[in-house]
Amino acid sequence: MTRNMKKMACWAALTFVLWMTIGLAQAQVSLRNLNGGAVSLADLQGKVVVLSFGGTWVPLASKELPALQKVADRFAGRGVQVYWVSINPNKPGARNYASDADLQAFAQKNGLRVSVLRDAEQAAYREFQLDAVPTVVILDKQGKVARKHVGFNADQGEAYGELIRDLDQLLK
């Protein structure tokens, strides 16, 4: 084996190990809904899952959440599960604190009818290696990250147009 072939084999093996590790870790992600129940991403395999991470303090939330609801409505009944995931802390007195009732009222005020999940400790946020909000994570039917969309452009012709194209592609 040549030196370049050995390097390529080593990179391939490392990539495979990382891919397997990430896939296994994601299967363990569980988030709490506003009714106190848990939503395990492992239980959603077989569906395409959209997780929009954000917070009540995000300036564009008033434009992003209605656009997210339109995406959910567009893909209703097509095997796509859409969630808004709040990273607001749930401890009174913490910066950007929001109670479950606050989150429910915020979602309602912004026309959001999809399920709201909590990631108050930002465990899933870290697990998916996110560093900005809003960020949309799309999981394929096997529960693996298919795409991440960072930010929200309210001036796009069709809000979340790229997200819609990605979902259409995953459903083919």
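**Student:** Account for the overall build of the protein, naming residues and giving values.
**Tutor:** What the protein contains, in helices and strands, is five helices and seven strands. Taken from N to C terminus, the helices and strands of the protein fall in the order α-β-β-β-α-β-α-β-α-β-β-α. Taken across its 172 residues, the protein has 41% of its residues classed as buried. For the protein, the share of sequence-separated contacts (at least 6 apart) that also reach a separation of at least 24 residues comes to 68%.

**Student:** Account for the pattern of salt bridges, with residues named and values stated.
**Tutor:** Any two side chains of opposite charge can pair, so long as their charged atoms come close to each other. For the structure on display, the rule yields seven salt bridges. Across the salt bridge formed by Arg78 and Asp168, the nearest N and O atoms sit 3.4 Å from each other. Taken together, the residues span a long stretch of sequence, with Arg78 in the loop between helix H2 (61-74) and strand E4 (80-86) and Asp168 in helix H5 (residues 161-170) at a distance of 90 residues. Of the charged contacts, one joins Glu121 and Lys91 as a salt bridge, the two residues approaching to 3.2 Å between their closest N and O atoms. Within this pair, whereas Glu121 is found in the loop between strand E5 (115-118) and helix H4 (123-127), its partner Lys91 is found in the loop between E4 and helix H3 (100-109), the two being separated by 30 residues in sequence. What you see here is one network of salt bridges that share partners, running through Arg32, Asp100 and Arg118.

**Student:** Give a description of the environment of Val39 that names residues and reports values.
**Tutor:** Mapped onto the elements, Val39 comes out in strand E2 (residues 38-40). Sequence spacing of Val39 and Arg118 is 79 residues, and the spatial spacing of their C-alpha atoms is 9.9 Å. Contacts of Val39, omitting those with residues within four sequence positions, involve Val29, Ser30, Leu31, Asn33, Leu44, Tyr83 and Leu117.

**Student:** So, the environment of Pro134: which residues are in play, and what are the values?
**Tutor:** With respect to the element layout, Pro134 can be found in the loop between H4 and strand E6 (135-139). Expressed as a C-alpha distance, the spacing of Pro134 and Gly54, which sit 80 residues apart in the sequence, is 4.7 Å. For Pro134, the residues in contact, after removing those within four places along its chain, are Phe53, Val58, Glu64, His149, Val150, Gly151 and Phe152.

**Student:** Account for the pairing of strand E1 (residues 30-33), naming residues and giving values.
**Tutor:** Because side chains alternate across E1, one face comprises the buried residues Leu31 and Asn33, and the other comprises Ser30 and Arg32, none of which is buried. Turn length for the E1-E2 hairpin, with the two strands adjacent in sequence and antiparallel, is four residues, and the turn residue Gly36 shows positive phi of about 90°. Bridge analysis of E1 against E5 gives two bridges, and the strand direction is antiparallel. Bridge pairing in E5 links Arg32 to Arg118.

**Student:** Let's hear about the packing of aromatic side chains: which residues, and what values?
**Tutor:** Taken as a whole and assessed by the stated rule, the structure comprises four aromatic pairs. Centre to centre, the rings of Phe53 and Phe128 are 6.1 Å apart; their planes meet at 65°, and the pair counts as edge-to-face. In this pair, Phe53 is assigned in strand E3 (residues 48-54) and Phe128 in the loop between H4 and E6, connecting sequence segments 75 residues apart. Across the pair, exposure class does not vary: Phe53 and Phe128 are buried alike. An aromatic cluster is defined as three or more aromatic residues linked by ring pairs; in this entry it consists of Phe53, Tyr125 and Phe128.

Definitions and limits used
- The residue numbers shown here count from 1 along each chain, following its written sequence.
- Per-residue local features are limited, in this predicted model, to residues with pLDDT of at least 70; the limit for side-chain atom pairs, both in listing and counting, is 80 or more; totals at the level of whole chains, interfaces and linings are taken over all residues.
- No hydrogens and no water enter the side-chain calculation; it runs on all heavy atoms of the structure.
- Only runs of H or I of at least four residues qualify as helices and only runs of E of at least two qualify as strands under DSSP, and these elements are numbered from the N terminus.
- Think of it in three bands: residues with accessible area under 20% of the maximum for their type are buried, residues over 50% are exposed, and the middle band is partly exposed, with areas taken using a 1.4 Å probe on protein chains only.
- Here a residue-residue contact requires only that any non-hydrogen atoms of the pair lie within 4.5 Å.
- Within this document, salt bridges are pairs made up of a side-chain nitrogen of Lys or Arg and a carboxyl oxygen of Asp or Glu, the two lying within 4 Å of each other.
- Two strands pair under a simple rule: DSSP has to find at least two bridges between them.
- Stacked, tilted and edge-to-face are the three classes applied to pairs of Phe, Tyr and Trp rings, where Trp contributes its six-membered ring and a pair requires centres within 6.5 Å; stacked means planes under 30 degrees apart, edge-to-face means over 60, and tilted covers the rest.

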